[in-house]
Amino acid sequence: MERNRKGLSVWQLTMLALGTVVGGSFFLGSSIVIRSAGPSALIAFVIGGILVYFILTAMSEMTVAYPKSSSFRSYAEQAFGKGAGFTVGWVYWMGIVLAMSSEAIAVSILFRGWFPGISLPLLGSIIIVSVTLLNLLGAERLSKVESVLAMFKLLAIAAFILIAIGFVVGFGTGGGGTPNAGLDVLRSENWIPGGLSGIAGSMLIVMFSYSGFEVLGQTASETADPAKTIPKAIRYTTVLLVGLYLAAMASLFLLIPYSMVSVEVSPFVSALSLYGLGWTGSAMNIVLISAVLSTMLASVFGLGQMLHSLAKEGHTPVWMKDRTDIPYRGILVSGGSMLAGLGLGMLLPSGVYLFLVSSGGFSIMFTYTIIMASHYRLRKKHGGPFSQQHGLRGFPYTSWLTIGSLIAIIVSMPLIPGQGGGLVAGILFVIVFAGLYTVVKFRKRSVISAKPIVRVPARMSPFSGLAQTEVSEELTIGVHEEVTNSKELNANDLEPRK
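The model shown is predicted, which means the values in this text are computed figures rather than measured ones. (Residues numbered from 1 in each chain as written. Predicted model: local features only at pLDDT ≥ 70, side-chain atom pairs only at ≥ 80, totals over all residues. Heavy atoms only, no water.)

Glancing now at the packing of helix α7 (residues 82-112) against helix α8 (residues 120-135). For the pair α7 and α8, interaxial distance at closest approach is 9 Å and the crossing angle is 115 degrees. The chirality of how α7 crosses α8 is right-handed. Facing A104, V107, S108, I109, F111 and R112 of α7, the residues of α8 in contact are L120, L123, G124, I127 and I128. Residues that form the contact of α7 with α8 fall into these classes: 8 nonpolar, 2 polar and 1 charged. (Axes fitted to C-alpha atoms, helices over the stretch in contact; angles between N-to-C directions. Helix = DSSP H or I, 4+ residues; strand = E, 2+ residues; numbered from the N terminus. Left-handed = near helix turned anticlockwise from the far one by under 90°. Contact = heavy atoms within 4.5 Å. Nonpolar A, V, L, I, M, F, W, Y, C, P; charged D, E, K, R; others polar.)

On to unusual backbone geometry. The step from F395 to P396 runs through a cis peptide bond, and the omega angle for that step is 5 degrees. Along the polypeptide, P396 turns up in the loop between α17 (352-382) and α18 (397-411).

Note on aromatic pairs: each is described by the distance of the centres and the angle between the planes. All told, the structure shown has 20 aromatic pairs when counted by the stated rule. Pairing F45 with Y210 gives two aromatic rings, centres 6.1 Å apart and planes at 65 degrees, and the pair type is edge-to-face. Residue F45 is found in helix α5 (residues 41-65), and its partner Y210 is found in helix α11 (residues 195-210); the two are separated by 165 residues along the sequence. For F45, a relative accessible area of 0% gives the class buried. Of the residues examined, Y210 reaches a relative accessible area of 0% and is grouped as buried. Measuring from ring centre to ring centre gives 6.3 Å for F362 and F366, while their planes differ by 10 degrees; the resulting arrangement is stacked. Within this pair, F362 and its partner F366 are both found in helix α17, separated by 4 residues, close to a single helical turn. For the pair shown, F362 and F366 are each scored as buried. (Phe/Tyr/Trp six-rings, centres within 6.5 Å; stacked < 30°, edge-to-face > 60°. Buried < 20%, exposed > 50% of the residue type's maximum accessible area, 1.4 Å probe, protein only.)

Looking now at a nonpolar patch on the surface. There is a patch of nonpolar side chains on the surface, built from W114, F115, F152 and I286 and spanning about 370 Å² of accessible area. Here I286 shows up in helix α15 (residues 280-312). We classify I286 as partly exposed; its relative accessible area is 42%. (Patch = residues over 30% accessible without salt bridge, like charges linked within 9 Å, V, L, I, M, F, W, Y side chains within 5 Å. Areas by Shrake-Rupley, 256 points an atom, 1.4 Å probe, with all protein chains shown as cover. Salt bridge = Lys/Arg side-chain N within 4 Å of Asp/Glu carboxyl O.)

So, about the packing of α7 against helix α16 (residues 328-347). Between α7 and α16, the shortest axis-to-axis distance is 8 Å and the interhelical angle comes to 60 degrees. One element, α7, and the other, α16, form an angle in the oblique class. The chirality of how α7 crosses α16 is right-handed. Two secondary-structure elements touch here, α7 through W93, V97, M100, S101 and I105 and α16 through V333, S334, S337, M338, G341, L342, G345 and M346. Looking at side-chain class alone, the contact of α7 with α16 contains 8 nonpolar, 5 polar and no charged residues. (Parallel < 35°, antiparallel > 145°, perpendicular 65-115°, else oblique.)

Looking now at the pattern of salt bridges. For the structure shown, the criterion picks out 2 salt bridges. Its salt-bridge partner being R379, residue E61 comes within 3.1 Å of it at the nearest N-O pair. Highlighted residues: E61 in helix α5 and R379 in helix α17, separated in sequence by 318 residues. The class of E61 is buried, set by a relative accessible area of 0%. Accessibility expressed as a relative area gives 9% for R379, which makes it buried.

To continue, consider a positive patch on the surface. A cluster of basic residues, K312, K321, R323 and R329, forms a positive patch at the surface. With respect to the helices, strands and loops of the structure, K321 is situated in the loop between α15 and α16. Given a relative accessible area of 31%, K321 falls into the partly exposed group. (Lys, Arg positive; Asp, Glu negative; His and termini not counted. Charge placed at Lys NZ, Arg CZ, Asp CG, Glu CD.)

The structure is reproduced here in C-alpha cells:
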C-alpha cells in the first residue's frame, strides 16, 4: 500500500512520456518530412516544439487545478459539456487504436527480416497481445519497462548525434563522390525545396512525432502530488524531446542530402550507410523495434485510461467499467480493437500505413485543439490563471496562436499525397461520435419522458431543505441519469414540477 501512495516519480513520468513520444513516427516517418520540406524541416520541428510547449503548459495548468480528472477529456467536459467530452474521448481513442495498429504492422515487417517464415498477421498479433498483457501489470511496473526502452531510444539518438559530430570534425568522409560531412552538404541543397506548402504539409507528421505527451495528463491520478510532479515532468519532457529532435535532424542534414533520403528507409540508416557504416542497419532495426514497442506500450496504457475515464462518466457500456485502479477492461478492449485494426491493415492496399498514421494524426490534432479550447474556456470562467506558478504565458494570445496553428495543420493535410484520406476519416469520426452521443441522449430523454410521474407532497419529502413553500405544493420525481453504487435518491433527483 505504501508503494501505491508514493506514486510515480518525476523521472518515471518523464520516461513514460518519452517512451510514448519517440517512436516509429520519428525514426521512420521523418523521412516523409525530409522529402517534403528538405532542410526546412528544421523549421517545422521548431514550430512543432513551440506548439508542444504551449499545449503542455496549458495541460499542466488544468492538471494542477483538476488533478482527479484522470483525463484531458474531462477538461473538455467541464468546459463545453458532456457531448464534447464524449466526442473528443472516443475520437482520440479511435485514432490512437488505428495508429498503433499501423505501428504493429511496421514492427512486424522489421521482425520479418529475422523471421521470414512467420506470417505478418501472426507476428503482428503476437506483438499486440504481448503489449496488452504487459499493460495489465499496472502503471508503476509498466513505467519501469518504459524507462529501460526509453533510455535505449534516447541513447541511440544521442549516439547518432555524436557519430555525426565525429564525421563533421573530420573523423570520416563521405564515400562514392558525396561531399564531405558538414556545411558542404547543406550548400549543395535547396534549403526550402517545397516552399511554404512543403513545411505546412509536413507539420502533421512532425506533430505526430511529438504526440504522446498527453499521457502525462492521464497519469495525474497515479502520482502522490500532481501539483509538483506533473509540471516538473512536463518541463523535463519538453526540454529533452525538442532538444533531441532538433539535434538529430540537424545532424542528418549535415550528413546526407535530402534528395538521397527514401521514404521506405529510415533516414538514419541511409545516412550511416552513406558513410560506410552499413553494418549499423541491424543495430538500427533493434532501435526501431524497441522504439515502436515502447510507443505501443505507453499508448495502450493511455487508451486504457481513456476508456476508464469514459466509463466513469457513463460514456461506455456498463460492463467496461473497472472497479480497480488498473483499467483492465479498457486495456483488453483496446488490445482487441488493435487486433481488428491490424486485420484491416492486412486487407487494405499497401498505402494503408500512411492512411492509418494520418487518421491517427488528425485525431491527435483534433484532441490538442480541444485541449487548448478547453483551457481558454476554463480560464475565462475562472477569471485568471489556475496557478500563478504554472500558468500559460501570453494568454489569451498564445491560446489563439496555438489553436489557429493546429487548425491550419489539419487543413494542410492534403498537401502531402495519402494524407487526404486520413483527413476525411478523421472528420467522419467526429461526425459519427457526435451523432452517436446526440442519438443516445435523445433516446434517454424519450425514455424519461415516457415514465409515469410520481407526485410526492412536500411534507412527505425526506429532504427538508427542499420544502420551502406551502404544505400542499408537490414535487415531481424524475430520474435524470442512472445512479450507480447507490439506491438512494439525491437532492438533484428532485425538480420542482412545472
